[in-house]
Amino acid sequence: MNKSALPLVIVSHALPDGWLDLLQDKCQLVIGPEESEGLTPELENWLPETQGLFSLLTLKVDDKLLSRAPNLKVVSNMAVGFDNVDINSCTKRGLPVGHTPGVLTDGTADLTMAIMLAAARRITEASQDARQGRWKTWSPTGWLGMDFRDATLGIVGMGQIGSGVAERALGFGMKIRFTDSNLKHDLADRFKAKQVPLETLLKSSDIVTLHVPLTAETHHLINEERLKSMKSNALLVNTSRGLIVDNNALVSALENKWIAAAALDVTDPEPLPTDHPLFGLSNCLIVPHIGSATWNTRRKMAERACENLIAGLHEQRLPYCANPEVYNA
Ligand code: DGY
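We now turn to the structure provided with this report. (Residues numbered from 1 in each chain as written. Predicted model: local features only at pLDDT ≥ 70, side-chain atom pairs only at ≥ 80, totals over all residues. Heavy atoms only, no water.)

## A look at the site of the ligand
- If you check the shell around the ligand, you find Leu-57, Ala-79, Val-80, Gly-81, Leu-104, Arg-241, His-289, Ser-292 and Met-301 and nothing else.
- A distance of 2.7 Å separates an oxygen atom of the ligand from a polar atom in the backbone of Val-80.
- Between the ligand and His-289 there is a distance of 2.7 Å, counted from an oxygen atom to a side-chain nitrogen or oxygen.
- When the ligand is considered free in solution it has 230 Å² of accessible area, and contact with the protein chains removes 92% of it.
- Its residues assigned to classes, the shell around the ligand shows five nonpolar, three polar and one charged. (Near = heavy atom within 4 Å. Polar contact = N/O pair within 3.5 Å; in protein donor to acceptor, adjacent residues only side chain to side chain. Areas by Shrake-Rupley, 256 points an atom, 1.4 Å probe, with all protein chains shown as cover. Nonpolar A, V, L, I, M, F, W, Y, C, P; charged D, E, K, R; others polar.)

## Some words on the pairing of strand 7 (residues 175-179)
- The buried count for strand 7 comes to four of five residues, which makes it a mostly enclosed element.
- Across five bridges, the pairing between strand 6 (residues 152-156) and strand 7 is parallel. Pairing of Val-156 across the sheet is with Thr-179, part of strand 7.
- For the crossover from strand 6 across helix 6 (residues 160-171) to strand 7, the handedness is right-handed.
- In the sheet, strand 7 pairs with strand 8 (residues 194-195) via two bridges, with the strands oriented parallel. Considered in strand 8, the bridge of Arg-177 is made with Lys-194. (Buried < 20%, exposed > 50% of the residue type's maximum accessible area, 1.4 Å probe, protein only. Helix = DSSP H or I, 4+ residues; strand = E, 2+ residues; numbered from the N terminus. Pairing = 2+ DSSP bridges. Right-handed = clockwise from strand over helix to strand, strands pointing away.)

## Observations concerning the sheet that holds strand 7
- Spatial ordering of the open sheet is given by 8-7-6-9-10-11-12, a layout of seven strands whose pairing is parallel. Looking at which strands have only one partner, the edges of the open sheet turn out to be strand 8 and strand 12 (284-286).
- Relative to strand 9 (residues 207-210), strand 6 runs parallel, the two being bridged by four bridges. Of the residues in strand 9, the one forming a bridge with Gly-154 is Val-208.
- Sheet strands in contact with helix 6 are strand 6, strand 7 and strand 9, and its direction is about 170° off that of strand 6. (Contact = heavy atoms within 4.5 Å. Axes fitted to C-alpha atoms, helices over the stretch in contact; angles between N-to-C directions.)

## Here's the deal with the packing of helix 4 (residues 105-120) against helix 6
- Where helix 4 contacts helix 6, the two axes come as close as 8 Å, and the packing angle between them is 55°. Taken as axis vectors, helix 4 and helix 6 run oblique relative to one another. Considering only the axes of helix 4 and helix 6, their crossing is right-handed. Here Thr-105, Asp-106, Thr-108, Ala-109, Asp-110, Thr-112, Met-113 and Met-116 of helix 4 lie close against helix 6, whose contacting residues are Gln-160, Ile-161, Gly-164, Val-165, Arg-168 and Ala-169.
- Partitioned by chemical class, the residues of the contact of helix 4 with helix 6 number six nonpolar, five polar and three charged. (Parallel < 35°, antiparallel > 145°, perpendicular 65-115°, else oblique. Left-handed = near helix turned anticlockwise from the far one by under 90°.)

Listed below in structure tokens is the structure:
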């Protein structure tokens, strides 16, 4: 087959063997290095010709980049979140944007429970203390933490991942409260949960976990005032996007014990500099945005992104479209 007759697609970052198989005989691929900030100059040179862009959440797909790619037919983001893409600019240009909901629900909900439990039971501190010789004896008051059974879990955003967390939390015997922009009686019944306003949830939850997308409305949703309204023994868990929490306010909250602890899979910025004050706090557990980091999940995300990309190249409706309004024009 004459490869050059196939549509050109930029893949911003290299992926493991096999993950892009669906694209192999349908496109001519130009692929960036595994880890790079933005597009390499070599990939940028292909922008005028490219018809498809396969992006990771670390690539800023902004108006400037889009204006250099006049032949682009589709942006396919290998993530459920798409705050790295200027959606308005894509929609104005008639460009559908693909994303990958569904396939990372279990992986992210599992990781949420993992860091929630780790922070509640002070696993990192205890493990470091054991390794560094501070485990002198079995002490009745050593490394005491929080029980999950009967704890009130406040879920902010009851979408697929929020629901996945609720399902798991029920198994631990937690009481569930949630907020969502839509009334969700079915989920309230399913999880024996109460849907409450955010302010009520923050005041009354032992653990608050965040599962909303990053938008203008959710930017710094958890700010100083809201952190102060939480229980002083509360744990805050964030596996959504770092910018949903005001980082400076979180540092104050943890330093001044407005809340007891935080467990973060996402930060602002990413990566968080190693000298950031949050790293100096023993009541803050930080992992490097690994919510979806299982082989199975990441491969499925790549496949879903390939499916979106192929549909876009053929000018068909994307199976998972982040800006369906693009089809109304
Ligand atoms: C996403 O897909 O938006 C996640 O943050 C990746 O783990």
